[in-house]
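The primary structure of each chain is shown beneath.
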Amino acid sequence: EGIYKLDVSTGETSLAIEGLPGISGLQIGADGRFYACQNKMQRVIAITAEGGIDVLLEGIKCNDLAVTKKGFVYVTETPTKRVHLITPEKKHVIADEGNATRPNGITLSPDERTLVVSDHGGKHVWAWEIANDGTLSGAAPYMTMWLPVGKEEALGDGATTESNGRFFVTTALGVQIFDPAGRLSGIIAKPEPDGKVVSVEFAGRDHDVLFVAAGGTIYSRKLKV
């Protein structure tokens, strides 16, 4: 149990940091640390490459997170309908509550002026303006996800952004892509038609390979972004 490393050239995995069960959301900060939601321990932590742990917030049923270059950490807590903010000084603020039904995936616009959160219990991807002090304002159901036939929930889950401002969100139908204006641009089908996609992120030497977690498998797809 811990954080695994995937060699994108060989597909081989190895245990990079052990002894950390129950990690869900994971991001690399500008300071080189891993920021993680350790839902099993109900805490948000930062981890050094050597495995040192800095506890940022406890008593939170955290799901996913995003970290700005300035060191602001935004965390979704699905059961409470909350988005939390942890400042670089470790001050805790409930940045939003009650807009997304089940806030889940979370990502930032390239200029880090907009925060975006997918709703696992509805059909919208929400957006907020980020102030200089990290606080949020102007909550809006900015993007509308396509729904499976006969369903009212898109099951919005993981989210990420590419350098031109397109948003990629995993849903029941696959990875839905939205342009910076919030318009649906297309859907990448699920690699397993009867399965589901959860996490999504860009990686690879030129950050042009999209990786998704689907069941017990990691899939990759090279894109022109």
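What you see is a predicted model, and the numbers here were worked out from it, not measured in a lab.

Participant: So what's going on with the sheet that holds strand β20 (residues 209-214)? Residues and values would help.
Facilitator: Read from one edge to the other, the open sheet built from three strands follows the order β19-β20-β21, with strand pairing classed as antiparallel. The sheet is open, and its two edges are formed by β19 (200-203) and β21 (217-222), each paired on a single side. Neighbour to neighbour, the strand axes of the sheet diverge by 30° on average, direction disregarded. The pairing of β19 with β20 spans four bridges and is classified as antiparallel. Along β20, the bridge assignment pairs Ala203 with Val209.

Participant: Describe in detail the sheet that holds strand β16 (residues 167-171), supporting the description with residues and values.
Facilitator: Backbone hydrogen bonds are what pair the strands of a sheet, in a parallel or an antiparallel way. Read from one edge of the open sheet, four strands run β15-β16-β17-β18, paired in antiparallel fashion. In the strand order of this sheet, the two ends are held by β15 (159-161) and β18 (184-189), each with one partner. Each strand axis lies, on average, 20° off the axis of its neighbour in the sheet, ignoring direction. Here strand β17 (residues 174-178) pairs with β18 via five bridges, running antiparallel. Directly across from Val175, in β18, lies its bridge partner Ile188.

Conventions adopted
- Residues numbered from 1 in each chain as written.
- Predicted model: local features only at pLDDT ≥ 70, side-chain atom pairs only at ≥ 80, totals over all residues.
- Heavy atoms only, no water.
- Pairing = 2+ DSSP bridges.
- Helix = DSSP H or I, 4+ residues; strand = E, 2+ residues; numbered from the N terminus.
- Axes fitted to C-alpha atoms, helices over the stretch in contact; angles between N-to-C directions.

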